[in-house]
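Chain by chain, the residues:
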Amino acid sequence: SEITKCTNIFQQAEMYYQNNQFEKEIVYYKTFIQQNQGQEDPTKTGNLAESYLRLGHIYREQNQNPEALNNFMKALNIRKKTHGMNRTETAACYSCVGSILIRLKFYTDALECLFAAIRINYLYSGKNTEVAINYCYIADVYKTQGKFLSSVEYYNKALKIFEKISGKIHPDVALTLYRLGTTYRLQKNYAKALESFLASLQIRKSIDGDNHPQAAL
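**Let's talk about the overall build of the protein**
Okay, so step 1: Within the protein, the regular secondary structure consists of 10 helices and 0 strands.
Okay, so step 2: The helix and strand sequence of the protein, counted from the amino end, reads α-α-α-α-α-α-α-α-α-α.
Okay, so step 3: Evaluated residue by residue, the protein yields a buried proportion of 44% over its 217 residues.
Okay, so step 4: Long-range contacts, defined here as pairs at least 24 residues apart, represent 51% of the contacts in the protein between residues at least 6 apart.
Okay, so step 5: Working note: accessible area of the protein is about 11,700 Å², and carbon and sulfur atoms make up 51% of it.

Below, the structure is given as structure tokens:
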């Protein structure tokens, strides 16, 4: 799940999530937001931003992208006000907004958000998993725009981070190799595409076995 670890106040909502009761979870967060809007207390304001963020994740999983964007933007605006621009909490919101803007095909705005998230994460954590994820989003944008060299560059940046953090036998590495292969294929660099797909496949087999659905990708 992309939903962040819940605090005590959100345990009931987390139970709804675990039981796939998404409509009840949505109602829970909306009720909490309605009851706490306009709060000045930092803790309550933080929980308000968290509620918007979690709502955004639910809507993203349901492919309700405009609703997801609306809630992610509200979370971002609160985080910018309460945490400032250069905090990892704000970076997480920038990343979420960027991911939805990609789906909505607002690529320039998406790149702006993703690079902002990377810049902030570099200040605090250096090359971490969040940076790698955002590199992959950026590579996706460049691939869609036909900027294949840039796409390859950013997938490789992500790949190096994933391998350093998680080792070479890891689902994130496999997925990044697969996505890299799709760029090579679009570039008509079929030898490199095959190399990337086969490397991804071997990792999937090592993790999941020959008969796991992921190995069929």
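**Comments concerning the packing of aromatic side chains**
The description of an aromatic ring pair uses the distance of the two centres, along with the angle that the planes make with each other.
Okay, so step 1: According to the stated counting rule, one finds 5 aromatic pairs in the structure shown.
Okay, so step 2: Grouped by ring-pair contacts, the aromatic residues Phe-115, Tyr-135, Tyr-142 and Tyr-154 constitute a single cluster.

**A look at the side chain of Ser-95**
Okay, so step 1: Topologically, Ser-95 is positioned in helix H5 (residues 88-103).
Okay, so step 2: Ignoring any residue separated from it by four or fewer positions in sequence, one finds Ser-95 in contact with Leu-114, Ala-117, Asn-134 and Tyr-137.

**Comments concerning unusual backbone geometry**
Okay, so step 1: A positive phi angle is found at Asn-20, which is not glycine, with a value near 60 degrees.
Okay, so step 2: Position of Asn-20 relative to the elements: it lies in the loop between helix H1 (11-18) and helix H2 (22-36).
Okay, so step 3: Its relative accessible area of 56% is what places Asn-20 among the exposed residues.
Okay, so step 4: In this model, Asn-63 sits at a positive phi of 60 degrees, which is unusual for a non-glycine residue.

**Things to note about H5**
Okay, so step 1: The end-to-end C-alpha distance of H5 is 23 Å, a good match for the 22 Å that 16 residues give at a rise of 1.5 Å each.
Okay, so step 2: For H5, a buried count of 12 out of 16 residues is recorded, marking the element as mostly surrounded by other parts of the structure.
Okay, so step 3: Within the span of H5, buried status applies to Thr-90, Ala-91, Cys-93, Tyr-94, Ser-95, Cys-96, Val-97, Gly-98, Ser-99, Ile-100, Leu-101 and Ile-102.
Okay, so step 4: Phi turns positive, to about 70 degrees, at Lys-105, one or two residues after H5.

**Describing H1**
Okay, so step 1: If you check which residues of H1 are buried, you get Ala-13, Glu-14, Tyr-16 and Tyr-17. One face of H1 carries all of its buried residues, which in axial projection span an arc of 155 degrees.
Okay, so step 2: Positioned one or two residues after H1, Asn-20 has a phi angle of 60 degrees, which is positive.

**Here we look at the packing of helix H4 (residues 65-82) against H5**
Okay, so step 1: Running from amino to carboxyl end, H4 crosses H5 at an angle of 155 degrees, the nearest separation of the two axes being 9 Å. The orientation of H4 with respect to H5, classified from their angle, is roughly antiparallel. Where H4 crosses over H5, the two elements pack in a sense that is left-handed. Within the contact between the two elements, H4 uses Asn-65, Ala-68, Leu-69, Phe-72, Met-73, Ala-75, Leu-76, Arg-79 and Lys-80 and H5 uses Glu-89, Thr-90, Cys-93, Tyr-94, Cys-96, Val-97, Ile-100, Leu-101 and Arg-103.
Okay, so step 2: For the contact of H4 with H5, the class distribution of residues is 12 nonpolar, 2 polar and 4 charged.

**A short note on the confidence of the model for the protein**
Okay, so step 1: Predicted confidence across the protein gives a mean pLDDT of 88, with 90% of residues reaching 70 or more.
Okay, so step 2: Across the protein, helix H9 (residues 171-186) holds the top mean pLDDT of 98, while H1 sits lowest at 81.

**Regarding the side chain of Arg-60**
Okay, so step 1: By the secondary structure assignment, Arg-60 is in helix H3 (residues 42-61).
Okay, so step 2: By relative accessible area, which is 5% here, Arg-60 ends up buried.

**Quick look at the environment of Gly-181**
Okay, so step 1: By the element assignment, Gly-181 lies in helix H9.
Okay, so step 2: Looking at Gly-181, the relative accessible area reads 0%, which means it is buried.
Okay, so step 3: Not counting chain neighbours up to four residues away, the residues in contact with Gly-181 comprise Ala-193, Ser-196 and Phe-197.

**Describing the packing of H9 against helix H10 (residues 190-208)**
Okay, so step 1: Contact pair H9 / H10: the axes reach a minimum separation of 8 Å and the direction vectors enclose 160 degrees. On the basis of their axis angle, the class for H9 and H10 is roughly antiparallel. Here the hand of the crossing between H9 and H10 comes out left-handed. Taken together, the residues of H10 that come into contact with H9 (itself represented by Pro-171, Val-173, Ala-174, Leu-175, Leu-177, Tyr-178, Leu-180, Gly-181, Thr-182, Tyr-184 and Arg-185) are Tyr-190, Lys-192, Ala-193, Ser-196, Phe-197, Ala-199, Ser-200, Ile-203, Arg-204 and Ile-207.
Okay, so step 2: Its residues assigned to classes, the contact of H9 with H10 comprises 14 nonpolar, 4 polar and 3 charged.

Reading the values: the criteria
- Residues numbered from 1 in each chain as written.
- Predicted model: local features only at pLDDT ≥ 70, side-chain atom pairs only at ≥ 80, totals over all residues.
- Heavy atoms only, no water.
- Helix = DSSP H or I, 4+ residues; strand = E, 2+ residues; numbered from the N terminus.
- Buried < 20%, exposed > 50% of the residue type's maximum accessible area, 1.4 Å probe, protein only.
- Contact = heavy atoms within 4.5 Å.
- Areas by Shrake-Rupley, 256 points an atom, 1.4 Å probe, with all protein chains shown as cover.
- Phe/Tyr/Trp six-rings, centres within 6.5 Å; stacked < 30°, edge-to-face > 60°.
- Expected span 1.5 Å × (residues − 1).
- Arc of directions from axis to C-beta.
- Axes fitted to C-alpha atoms, helices over the stretch in contact; angles between N-to-C directions.
- Parallel < 35°, antiparallel > 145°, perpendicular 65-115°, else oblique.
- Left-handed = near helix turned anticlockwise from the far one by under 90°.
- Nonpolar A, V, L, I, M, F, W, Y, C, P; charged D, E, K, R; others polar.
- pLDDT = per-residue confidence, 0-100.

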